[in-house]
Amino acid sequence: MENRGHEVQQKSARPKHAQGGGRLEWIDVARGIGIIAVVAGHVWTKGPFRDALYSFHMPLFFLLSGMLSRPQPPGRFALRQLSSQMRPYAAFLALLIVADQIIEPMKGQRPIFNQWPQDLLPILLGGSWLRGPYTIFWFVPCLMVSRILFNALLSRWPDPLDRRWLITIIPAIVCAYAVGEMTKTSVLGLLTVPMAFVLLWVGAAWQLVQWERWMWLPLGGIGLAGLSGLLPTLNMKAADYGLPIFSLASAVATSVLIFRISVHLAPYGGWLAAVGRASLVIMYLHVAVIHYLSPHLDEPWLLLNALLLPTGIYYLLRATPAARRLFL
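Definitions and limits used
- Residues numbered from 1 in each chain as written.
- Predicted model: local features only at pLDDT ≥ 70, side-chain atom pairs only at ≥ 80, totals over all residues.
- Heavy atoms only, no water.
- Helix = DSSP H or I, 4+ residues; strand = E, 2+ residues; numbered from the N terminus.
- Buried < 20%, exposed > 50% of the residue type's maximum accessible area, 1.4 Å probe, protein only.
- Contact = heavy atoms within 4.5 Å.
- Areas by Shrake-Rupley, 256 points an atom, 1.4 Å probe, with all protein chains shown as cover.
- Lys, Arg positive; Asp, Glu negative; His and termini not counted.
- Charge placed at Lys NZ, Arg CZ, Asp CG, Glu CD.
- Axes fitted to C-alpha atoms, helices over the stretch in contact; angles between N-to-C directions.
- Parallel < 35°, antiparallel > 145°, perpendicular 65-115°, else oblique.
- Left-handed = near helix turned anticlockwise from the far one by under 90°.
- Nonpolar A, V, L, I, M, F, W, Y, C, P; charged D, E, K, R; others polar.
- Salt bridge = Lys/Arg side-chain N within 4 Å of Asp/Glu carboxyl O.
- Expected span 1.5 Å × (residues − 1).
- Arc of directions from axis to C-beta.
- Polar contact = N/O pair within 3.5 Å; in protein donor to acceptor, adjacent residues only side chain to side chain.

Novice: Is there a simple way to think about the overall build of the chain in this case?
Specialist: Each helix and strand counted, the chain has 15 helices and zero strands in total. With the C-alpha coordinates aligned to their principal axes, the bounding extent of the chain is approximately 60 × 45 × 45 Å. Put simply, the chain has 328 residues, and 52% of those count as buried. Across the chain, contacts joining residues at least 24 apart in sequence account for 74% of those joining residues at least 6 apart. When the accessible surface of the chain is summed, it comes to about 15,600 Å², and 66% of that surface belongs to carbon and sulfur atoms. The positive charge centre, built from 27 side chains, and the negative charge centre, built from 15, are 8 Å apart in the chain.

Novice: Teacher, can you tell me more about the packing of helix α5 (residues 74-106) against helix α13 (residues 279-293) here?
Specialist: In helix packing, the relevant descriptors are the interaxial angle and the interaxial distance, both defined with respect to the helix axes. Relative to each other, α5 and α13 sit at 15°, their axes nearing to 11 Å. It follows that α5 is roughly parallel to α13 by the angle criterion. When you trace α5 past α13, the crossing you get is right-handed. In this structure, α5 uses Gln85, Pro88, Tyr89, Phe92, Leu96, Ala99, Asp100, Ile103 and Glu104 to contact α13, whose residues at the interface are Leu280, Val281, Tyr284, Leu285, Ala288, His291 and Tyr292. Here the contact of α5 with α13 is built from residues that sort into twelve nonpolar, two polar and two charged.

Novice: Could you clarify how one ought to interpret the pattern of salt bridges in this entry?
Specialist: Evaluation of the coordinates by the stated rule reveals six salt bridges. Residue Asp51 pairs with Arg50 through a salt bridge whose shortest N-O separation is 3.0 Å. Of the residues examined, Arg50 reaches a relative accessible area of 16% and is grouped as buried. Across the pair Lys107 and Glu104 runs a salt bridge, and its minimum N-O distance is 3.5 Å.

Novice: Can you walk me through unusual backbone geometry in this structure?
Specialist: In most cases, non-glycine residues show a negative phi, while peptide bonds are predominantly trans. For the bond running from Trp116 to Pro117, omega is 5°, close enough to zero to count as cis. Its location among the elements puts Pro117 in the loop between α5 and α6 (120-125). Although it is not a glycine, Ala239 sits at a positive phi angle of roughly 55°. On the basis of relative accessible area, Ala239 is assigned to the buried category, the value being 5%. Of note in the backbone geometry, Ile245 takes a positive phi value of approximately 70° without being a glycine. As for its position among the elements, Ile245 is in the loop between α10 (216-227) and α11 (246-265).

Novice: Any chance you could explain the packing of helix α2 (residues 25-43) against helix α12 (residues 270-277) here in plain terms?
Specialist: Between α2 and α12, the least distance of the axes is 7 Å, while the angle of their chain directions is 75°. Relative to α12, the element α2 lies roughly perpendicular. Facing α2, whose interface residues are Glu25, Asp28, Val29, Arg31, Gly32, Ile33, Ile35 and Ile36, α12 presents Trp271, Leu272, Ala273, Val275, Gly276 and Arg277.

Novice: How should helix α14 (residues 299-318) be read in this particular structure?
Specialist: One turn of the α-helix equals 3.6 residues, which is why residues spaced by three or four share an orientation. Compared with an ideal rise of 1.5 Å per residue, which puts 20 residues at 28 Å, α14 spans 29 Å between its outermost C-alpha atoms and is within 8% of the ideal. When α14 is considered as a whole, its buried residues turn out to be Leu302, Leu303, Ala306, Leu307, Pro310, Thr311, Tyr314 and Leu317. All buried residues of α14 project into a common sector of 145° when viewed along the axis, lining one side. The exposed residues of α14 that point more than 90 degrees off its buried face are Pro300, Trp301, Leu308 and Leu316.

Novice: In this structure, what is going on with the environment of Thr168? I would like to understand it.
Specialist: Locating Thr168 in the fold gives a position in helix α8 (residues 166-182). Along the sequence, Thr168 and Leu153 sit 15 residues apart, while their C-alpha atoms lie 9.2 Å from each other. The residues touching Thr168, leaving out its near neighbours within four places in the chain, are Leu153, Trp157 and Phe197. Of note is the side chain of Thr168, whose polar atom sits 3.0 Å from the backbone oxygen of Trp165.

What follows is the structure in C-alpha cells.
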C-alpha cells in the first residue's frame, strides 16, 4: 500500500512522505490526529469541543482510505477484506464481551449482555445493537463494505475524475440522506455505507488535485464553519450528516487541511505516527477504557488512558506472532 501511495504522490502534488523510510509518515501522523479526535469526542460527550471534533473526525478516516485506494481484482479484494477485517472485529468483540462479563459483576452490576443465548442475535447484528464499550464497532464493517463496493467500481473506472462516477455518486448521496431520515437502525453499521462510499470517492479524487497555497483560505473558512458550530455537526453512526452537503463539505475541508498539516509534522511527529499506527486497536478498545474508568478519572486522565492503554496493547500484540495474526 505504501509503495502505491508513493507512486501517486510523485505523479500528483500530494504531500511528500518523510525521508529515510518506506512508510508514508504523514499518513500515520494524520491517523494519529484523527484517532485522538475520536477518543476525545468520546471523553467529552457534550459541548462545543465535542461538536467541533464530531464535525470531521470520522469522515477523516474514510477520506484517507479513499486516498490510499488503488484498483484491485474485485473478488480477490473482497475475500481479503472479509478475512483481514472481520477476524480482528470478531476477536476484539469477543475479548470485550468476556471482559464485560468479569468487570461488571465485580462492580455489582449486570453485564451488558446477560441473557444467553438470546443475546447472540444482537451481537451478530452489531451496529446500533452494540452500545457501551462496543459502540464503535460499527466503523470497521462499514468501512470494509464501502471499500469492497468502491473497489469494484474503481477497477472498472480507475480514474475517480471520470464523469461516469457521477452515475453512482449522485444516487449514493441522495440515498445517504434519505435512509438517514427514514431510520437509525443499522445492521453492522451498514446504514452509513452510502455516505462512506461517497467519502472514499472524494478522497480518491482529491489525491489527484494539484495543491495550491491559495486553497488554505477557502478550505480554512469552510472547515471553520463546522469547527465553530455554525454548521450542524455529524453523527455518522446514526447516518446524521448535519446540514445537507454543507456539513460534509466542512468535514472534507478540515480533513484535507489536517492532511496538509500532517506533512509538515511528519519529520517531528514520531509519537503521533506511533499513535496512528495503533489507530485501529485504539478504535476498538478506547470506548471500553472510557466506559470502565469514567467514574474514577477526570476527562484529561481519561483521554490519556484511552490512548496509551490501547497503544501499548497494540505494540504487545504486534510483538506476539499468534496474537498479531488474530487481532491485527
